[in-house]
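Summary of structural features
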Number of protein chains: 2
Amino acid sequence: MSKHLTKRADDYSKWYNELVIKADLAENSAVRGCMVIKPYGFAIWEKIQAELDRMFKETGHENAYFPLFVPKSLFEAEEKNAEGFAKECAVVTHYRLQNDPDNEGKLRVDPEAKLEEELVVRPTSEAIIWNTYKGWIESYRDLPLLINQWANVVRWEMRTRLFLRTAEFLWQEGHTAHATKNEAVIEAKQMQEVYAEFAENFMAMPVVKGFKSDSERFAGAEDTYTIEALMQDGKALQAGTSHFLGQNFAKAFDVKFTTKEGKKEHVWATSWGVSTRLIGGLIMTHSDDLGLVLPPKLAPIQVVIVPIYKGDDQLDAISEKMNVFVKELRKKGISVKFDTRDTYRPGAKFAEYELKGVPVRVAIGNRDLENGTLEIARRDTLEKQTVAQDNAVVYIENLLKEIQSNLFKKALEYREEHTTLVNDFKEFKKVIKNKGGFVSAHWDGTEETEDRIKEYTKATIRCIPNNAKEEVGICVLTGKPSSRRVLFAKAY
Amino acid sequence: MSKHLTKRADDYSKWYNELVIKADLAENSAVRGCMVIKPYGFAIWEKIQAELDRMFKETGHENAYFPLFVPKSLFEAEEKNAEGFAKECAVVTHYRLQNDPDNEGKLRVDPEAKLEEELVVRPTSEAIIWNTYKGWIESYRDLPLLINQWANVVRWEMRTRLFLRTAEFLWQEGHTAHATKNEAVIEAKQMQEVYAEFAENFMAMPVVKGFKSDSERFAGAEDTYTIEALMQDGKALQAGTSHFLGQNFAKAFDVKFTTKEGKKEHVWATSWGVSTRLIGGLIMTHSDDLGLVLPPKLAPIQVVIVPIYKGDDQLDAISEKMNVFVKELRKKGISVKFDTRDTYRPGAKFAEYELKGVPVRVAIGNRDLENGTLEIARRDTLEKQTVAQDNAVVYIENLLKEIQSNLFKKALEYREEHTTLVNDFKEFKKVIKNKGGFVSAHWDGTEETEDRIKEYTKATIRCIPNNAKEEVGICVLTGKPSSRRVLFAKAY
């Protein structure tokens with residue numbers, strides 16, 4: 001199968017699209033822009049969910065569930081938010097179908113079943129949630145309110161790509177309410193840290209933590225904190241955002257609380273989310289021309305065992321050994337598949353698991369049985385090693401850790417090599433065009449300059465890094481004064 | 001709080017509605033018929049999900065995700081299914097809002113953004129899934145296909161009640177494809193068993209396993225297997241269904257596979273689901289006039305510890321003891337809350353946890369500290385016991401098991417007392433009207449008789465029990481011959 005995969009160097013975009021399909025992660029559906037997430041792809045999402053959910057709960061959040069639909073009058077209450085999403089809303093207008101009198105066996109929308117008020121399919125849930133919080137928050141005793149929801153949302157995007165940009169996607173959205181501005185800012189920053197920790201420790205995907213410029217900010221937010229990753233084609237991917245919403249939603253929905261001193265004040269808010277887009281980032285950070293490369297911590301299958309045998313006797317002998325081995329690995333919390341299918345040859349299985357990015361492949365044949373050995377191959381470097389069966393469990397345990405950290409190291413090196421300090425605009429254009437990656441440059445802080453740079457180069461300000469140091473400089477485009485560098489890149 | 005709860009005997013329906021709100025499980029939202037599931041209610045759903053998901057995976061199923069929307073042309077392909085759901089479909093007709101020129105600051109549906117084909121918000125996913133399976137199934141090697149999805153669905157019900165019947169609800173839907181009829185029937189029955197095991201072992205809710213009469217069958221199914229529970233008001237609740245779909249969807253979507261012998265045949269199908277409705281069943285099976293009663297296996301908090309103290313010194317001394325105790329309980333996998341809030345008195349806390357159905361309450365005061373004891377109260381019987389601290393972990397471990405089995409026993413006794421063998425229609429009417437519960441009676445097998453009985457009594461055939469024994473009898477209404485008894489009841 002893998003030989004039919006387009007090479008990254010030939011056409012990165014085509015490589016990505018093919019890989020998602022060939023590795024059985026997802027496919028396009030009969031509904032424009034909506035994807036079907038296949039079991040192997042969904043298993044990765046389940047791993048992502050489990051880890052994030054644990055991290056959210058450890059930081060004091062609880063899960064809840066709010067309606068899919070937002071009545072139009074609520075949707076439009078926070079004007080900037082409404083304006084930001086109005087152009088991509090799926091709208092429910094009717095609640096019934098009926099037999100089509102002109103077309104036997106077909107249905108049509110029942111014109112009598114028109115809703116009095118249209119319902120927007122949630123593109124994000126601030127409006128419906130803040131309308132609900134109004135009933136939950138009375139006094140400072142009800143704060144902070146720390147809630148997360150796992151849900152599907154719909155944004156009617158015109159150009160879609162599997163995982164990266166789809167009309168419907170799965171995500172989590174945290175929505176918190178606080179008594180003070182300071183507490184809300186701390187919460188929003190905390191969740192940026194949680195996302196960064198998850199991206200780096202589990203996805204092995206290094207990220208830059210920063211905040212967005214005015215024009216890239218979430219509609220309705222005062223500040224958007226972001227984590228930005230760099231893909232192998234030199235384009236950036238916004239992997240997660242956490243918003244300080246100020247009192248915008250509290251004011252739009254009139255959510256006030258009584259302070260300890262008995263005063264009435266508007267509540268302060270945050271929201272934060274990551275989505276199935278992360279899977280797109282995961283794929284593009286590590287995978288190669290042979291297929292997926294998955295970090296062990298998120299791989300649905302961490303170890304696959306392929307027996308190489310002739311006849312049932314040899315398979316029986318191998319199975320006897322391997323069944324014990326499988327149990328030992330599972331006892332260590334390692335997920336293992338022992339692939340005894342007789343409908344495929346070992347070579348085809350090797351190619352399949354390479355394509356699917358299984359981190360460790362164990363092969364065992366008759367000679368290994370005689371010698372008490374196994375052949376262990378790692379997916380990231382494609383290196384093979386013959387290992388004594390007695391040491392194999394410990395060897396694999398260490399190897400999984402080694403792969404996890406090697407993937408992160410490699411991705412970090414790539415990003416460092418592809419982050420370029422630039423001081424004039426000619427150089428800026430050249431780097432963006434030829435080398436790609438992040439360009440660290442001075443910017444005069446105006447939206448106008450941002451727009452012009454985008455127009456000339458397609459690069460946007462990905463973020464103003466949290467750790468950007470104060471330095472005297474001049475804007476790479478206008479020459480106006482600037483006090484710190486920001487990160488530009490072309491982006492997904 | 002609890003004193004304001006309506007008594008079951010006074011108004012069971014009102015008691016239920018109040019309890020759901022007061023115990024902080026869910027509330028109605030701004031969207032007609034849609035609920036907000038609050039954190040405490042959602043925590044129960046998470047426990048239900050975790051156990052069922054484990055059981056599905058142990059029986060070989062994988063999770064995947066299919067689109068929220070079903071294009072109308074796919075929706076209408078399987079005619080019976082389409083007809084069954086057409087009257088309660090939310091329909092998306094437009095994909096954009098725009099500023100309302102007549103109404104500043106307001107939005108309206110953009111008339112130019114009308115979809116070419118309307119999209120139905122899934123009321124169930126057979127259509128979109130079988131349209132997808134068409135691309136996945138080619139040969140017998142691709143079968144069986146054993147897939148489950150956790151999702152939200154929408155059915156535009158006119159009369160809604162929290163958890164029991166809502167326009168949007170959360171559920172899981174399994175959709176499997178098989179090479180033979182027999183294999184599909186076995187799968188459908190297996191999932192009925194999984195549901196029954198879950199209901200009885202985790203929810204402590206006894207269920208009757210049976211199959212549906214023609215008129216109560218799922219739209220598009222050949223056979224519907226059901227589990228039916230009995231609520232405390234004598235009404236039945238359909239708690240889960242598993243459908244043998246025959247080749248109906250395979251034919252509607254032209255899904256064929258090549259057999260080992262090289263022939264092309266239509267695939268056989270099942271689907272099966274349970275929903276957030278289970279939470280309604282859980283509430284109505286066990287709870288009492290003081291509030292919720294939760295079986296320990298699904299209780300978000302299994303043990304709550306309430307300190308009774310005067311001043312910080314006493315609280316410190318109690319906390320020192322209890323922090324060790326909490327750790328020991330958690331080591332046993334028991335979820336514990338140590339409630340040290342100083343904004344509520346112990347009495348208010350007792351009432352709150354009674355209302356919320358926490359299975360075990362531990363109280364500790366100064367005298368207990370001196371005596372090395374704890375006061376341990378169980379929610380199901382309200383009994384209290386003074387227990388030596390040294391024995392308390394083991395005592396609680398056993399008590400949780402005892403509560404779990406006691407709840408099941410109590411519910412089973414109730415059901416047995418409320419299952420009445422009836423042989424004439426006068427008696428039938430009397431039992432349904434006064435005593436309620438299941439009525440086991442002979443039925444002539446016709447839809448007409450079923451309809452007339454429903455008209456006279458509001459009772460429907462809940463199921464034909466799997467274990468109904470063959471016996472010669474006459475229909476309770478018409479006197480026509482019948483070979484086995486079926487179960488009637490009024491139902492939710």
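Note that the structure is predicted; figures quoted are calculated from it, not measured.

1. What to know about the sheet that holds strand β21 (residues 384–388) of chain A
All names here are of chain A. Taken in spatial order, the 5 strands make up an open sheet running β18-β17-β19-β20-β21, and their pairing is mixed. The outermost strands of the open sheet, each flanked by one partner alone, are β18 (336–338) and β21. For this sheet, the mean inter-axis angle between neighbouring strands, taken without regard to orientation, is 25°. Direction of pairing for strand β20 (residues 373–378) relative to β21: antiparallel, over a ladder of 5 bridges. Looking at the pairing, Ala 377 lines up with Lys 384 of β21. Against the sheet, helix α10 (residues 346–355) contacts β17 (303–307) and β19 (360–364), and its axis sits at roughly 170° relative to β17.

2. Some remarks on helix α1 (residues 12–22) of chain B
An α-helical segment advances 3.6 residues per turn. Residues three or four places apart therefore align on the same side. Residues and elements named next belong to chain B. Of the positions making up α1, those classed as buried are Trp 15, Tyr 16, Leu 19 and Val 20. Seen end-on, α1 carries its buried residues on one side only, within an arc spanning 125°. Just downstream of α1, Asp 24 is the residue with a positive phi angle, here 65°.

3. Topic: the interface of chain B and chain A
In this assembly, 54 residues from chain B lie in contact with 54 residues from chain A. Top contributing element to the side of chain B that touches chain A by residue count: strand β5 (residues 91–94) of chain B, with 4 residues. Across the side of chain B that touches chain A, the residue classes break down as 32 nonpolar, 10 polar and 12 charged. Two elements, strand β5 (residues 91–94) of chain A and β5(B), share 3 bridges in a ladder whose sense is antiparallel. When the sheet's bridge partners are listed, A:Val92 is paired in β5(B) with B:Val92.

4. Regarding the sheet that holds strand β3 (residues 62–63) of chain A
All names here are of chain A. If you trace the 11 strands from one edge of the open sheet to the other, you get β3-β9-β10-β16-β13-β12-β11-β24-β27-β23-β22, paired in mixed fashion. Taken across any chain shown, the strands that pair with only one partner, and hence form the sheet edges, are β3 and β22 (419–421). Note: strand β10 (residues 168–178) against strand β16 (residues 268–275), 8 bridges, orientation antiparallel. Looking across to β16, one finds that Gly 174 is bridged to Trp 272.

5. Description of the domain arrangement of chain A
Split into domains, chain A comes out as domain 1 (2–286), domain 2 (303–399) and domain 3 (419–489). Each of domain 2 of chain A and domain 3 of chain A has a C-alpha centre, and these two points are 50 Å apart.

6. A word on the relation of the copies chain B and chain A
For the pair chain B and chain A, the best superposition has an RMSD of 0.0 Å and corresponds to a rotation of 180° with a translation of 0.0 Å parallel to the axis. Taken together, these values place the two copies in the relation of a two-fold axis. Taking the C-alpha atom as reference, chain B places B:Val92 closest to the rotation axis, 2.1 Å from it.

7. What about the environment of A:Pro71?
As for its position among the elements, A:Pro71 is in strand β4 (residues 69–71). Those residues in contact with A:Pro71 that sit more than four places away from it in its chain are A:Glu117, A:Leu119, B:Ala30 and B:Val31.

8. Topic: helix α2 (residues 39–58) of chain A
If you check α2(A), its first and last C-alpha atoms are 28 Å apart, about what 20 residues at 1.5 Å a residue would give, namely 28 Å. Backbone geometry just downstream of α2(A) places A:Gly60 in the positive-phi region, at approximately 90°.

Cut-offs used in this document
- Residues numbered from 1 in each chain as written.
- Chains lettered and ligands numbered in written order.
- Predicted model: local features only at pLDDT ≥ 70, side-chain atom pairs only at ≥ 80, totals over all residues.
- Pairing = 2+ DSSP bridges.
- Helix = DSSP H or I, 4+ residues; strand = E, 2+ residues; numbered from the N terminus.
- Axes fitted to C-alpha atoms, helices over the stretch in contact; angles between N-to-C directions.
- Contact = placed C-beta atoms within 7 Å.
- Buried ≥ 20, exposed ≤ 12 C-beta atoms within 10 Å, placed from the backbone.
- Arc of directions from axis to C-beta.
- Nonpolar A, V, L, I, M, F, W, Y, C, P; charged D, E, K, R; others polar.
- Domains from an automatic or database assignment.
- Least-squares fit on C-alpha atoms with pLDDT ≥ 70 in both.
- Expected span 1.5 Å × (residues − 1).

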